[in-house]
Amino acid sequence: MPTSRRTLLKTSAAAAAAFSFDWTRAQAQAETLRIGVIYDLTGPFAAGGSVASSIGAQIAIDLVNEKGGIGGKTKIVPVNVDSQSKPDVAINEANRLIDQEKIEILNGVYASSHAVPLAAKVEQQKKILWITTAVSTAVFKDKNLQYVFRAQIHSDQYGQAFASFIAEHAKGKLGMDPKDVKVALIHEDGPYGVGVAAADEAYAKENGVQVVLKEGYSASAPDLSVLVTKLKRAKADIISHAGYNPDITLFLRQARESGLKFKMLFGAGAGYSQLDKLRETFGADIDNFCNIDPVPAQLLDGSKLAPGVGDLTKTMIARYRDKTKATEVPPHCSMGFNQTWVLLNNVLPVAKEKYGGFDPEAVRKAALDVDIPAGGTIQGYGVKFYPPGTPMSGQNERSTPVVMQNAGEKISVVWPTGIRTQDPVFPLPKGSIYGA
């Protein structure tokens, strides 16, 4: 039976519609980029800053998508995974994203104990790992990484800030020569804590400061009373502590119960940057403790940063508070946001326009082109990655931390002196329960 004209038209229309649908779908697929986002959303690291980092990263993604996506054309589709505060889960999830989901760019990572093996794994597969939060220097040092990048500070810089602050203020604030100041270095025994303590020790010695105790412990230890006893015997003036939320809480509680006294305690980010959570447990006991970390963006004077950066900070803060109902916005929010923002705004558009796409080679080349001067990010520092063939290949050479102080219900910057917002209270005042 010959095909009727009506049937032919119907068939042609259906084929055209199918083609149109397929073309539209292909266009939609072509205008999206799937990125793996890895954070600890459960387990002990979640409350230590990982969730705050993940929220910051998502805010950055939302803001870019609201303006049409990367370069105004390509929407980001985050594929979020929970590494559950476990290195093996982080590695398995990264493998799944790469092998099964066919994702070539991974963003996030809170814990250095995850970042070290993940960096090696992703580098081996020649995919991109964009680290937002983990700080261990060991992730990059002498590894000559080509596909792993970190705009975040690294743990050696904690030691530089710690020793520099003491050397600068020992005489004027403590009435002591730096050589007479006794410091104790305590730390969780993963790559983060080990890296911070090693840097503290090296830079303390460089500045002539005495190290009277250096002691590691498991972040999951059920009892730290032996550590507290060792600190009492060492009679340290100053304690530097690199730890997460549960172990910090345990240490401070047992230190208070045993009557441990000191002139100052310096945290090294992580749990010490979760001021809301520490204050819930210890109230005014933690007033005037110092903390070294990248600065929370809201503490900087936006007028001294590049045009538009201050407004970007205000938007991030408003959205974080709206999402969490929190009053304090921890540094980890700024970390997750800042590093993700650099990837989405300074790297991926260049990868597409200059190097032809979002494949790892194009992204790697675009990352090495990044040249953001100081004041060009919400955390104040600039971004320029050390190139291949250098000892810290892939690390941002312009990142800088600050020393902050828990000034009652707010946080103040007390070092470097040139950007401080308050003169440091040093030593702890006589009214402090820990004050020597």
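Here the residue numbers are simple positions, counted from 1 along each chain's written sequence. Predicted model: local features are reported for residues with pLDDT of at least 70 only, side-chain atom pairs are reported and counted for 80 or more only, and whole-chain, interface and lining totals are derived from all residues. Note that the side-chain values use all heavy atoms of the structure and ignore hydrogens as well as water.

A. Structural context of the sheet that holds strand β12 (residues 410–415). Taking strand neighbours across the sheet as the criterion, the seven strands line up as β7-β6-β8-β9-β10-β11-β12 in an open arrangement whose pairing is mixed. Each edge of the open sheet is held by one strand with a lone partner, namely β7 (210–217) and β12. Here the average twist between neighbouring strands, direction ignored, is 25°. If DSSP finds at least two bridges between two strands, the strands pair. Each helix is a run of DSSP H or I of at least 4 residues and each strand a run of E of at least 2, with the numbering of both proceeding from the N terminus. Under this scheme, a helix contributes an axis fitted over its contacting stretch, all axes are lines through C-alpha atoms, and angles between N-to-C directions fall in the 0 to 180 degree range.

B. Structural context of the side chain of H241. For H241, the location among the structural elements is in strand β8 (residues 238–242). With a 1.4 Å probe rolled over the protein chains alone, any residue whose accessible area is under 20% of its type maximum counts as buried; one over 50% counts as exposed, and the rest are partly exposed. Here H241 falls in the buried class, since its relative accessible area comes to 0%. Contacts are residue-level and defined by heavy atoms, with any inter-residue pair within 4.5 Å sufficient. Once you skip the residues sitting within four places of it in the chain, H241 turns out to touch I186, Y217, D247, I248, F251, F266, G267, A268 and Y272.

C. Region of the structure containing empty space enclosed by the protein. Of the two site types, the cavity is a set of points on a 1 Å grid over the protein atoms alone where a 1.4 Å probe fits but cannot get out, and the pocket is an open set with protein on both sides within 12 Å along at least five of seven lines, each lined by residues with an atom within 4 Å of a point. Grid points are joined across faces, edges and corners, and a volume is the space filled by probe spheres set on the points. Summed over all chains, the structure comprises two cavities of 30 Å³ or more. Its volume calculated, the largest cavity comes out at about 110 Å³. Taken together, 15 residues form the lining of the largest cavity, with Y110, T133, V135, Y192 and A270 sitting closest to its centre. Looking at side-chain class alone, the lining of the largest cavity contains ten nonpolar, four polar and one charged residues. Class assignment for the residues of the lining of the second largest cavity results in five nonpolar, three polar and no charged. Each residue gets one label: Ala, Val, Leu, Ile, Met, Phe, Trp, Tyr, Cys and Pro are nonpolar, Asp, Glu, Lys and Arg are charged, and the others, such as Gly, are polar.

D. Representation of helix α9 (residues 275–282). By the burial criterion, the buried members of α9 are L275, L278, R279 and F282. The arc that holds every buried residue of α9, seen down its axis, measures 100°, which confines them to one face. Of the surrounding elements, those touching the buried residues of α9 are α8 (245–258), β11 (402–407) and β12. Looking one or two places after α9, you find G283, whose phi comes out positive at around 55°. The arc under discussion is defined with respect to the helix axis, by the directions toward the C-beta atoms.

E. View of the side chain of Q274. Counting through the fold element by element, Q274 comes out in the loop between β9 (264–267) and α9. The class for Q274 is buried, based on a relative accessible area of 7%.

F. The arrangement of helix α5 (residues 156–174) in detail. In this analysis, the expected span of each helix is defined as 1.5 Å times one less than the number of residues it contains. Taking 1.5 Å per residue, 19 residues should reach 27 Å; α5 reaches 25 Å between its end C-alpha atoms and fits that length. Of all the bends in α5, the greatest measures close to 40° and is centred on E168. Among the residues making up α5, those that are buried are Q157, Y158, G159, A161, F162, A163, F165, I166, H169, A170 and L174. G175, located one to two residues past α5, shows a positive phi value of around 70°. To get the bend at any residue, fit one axis to the seven residues that end at it and another to the seven that begin at it, then take the angle between the two axes.

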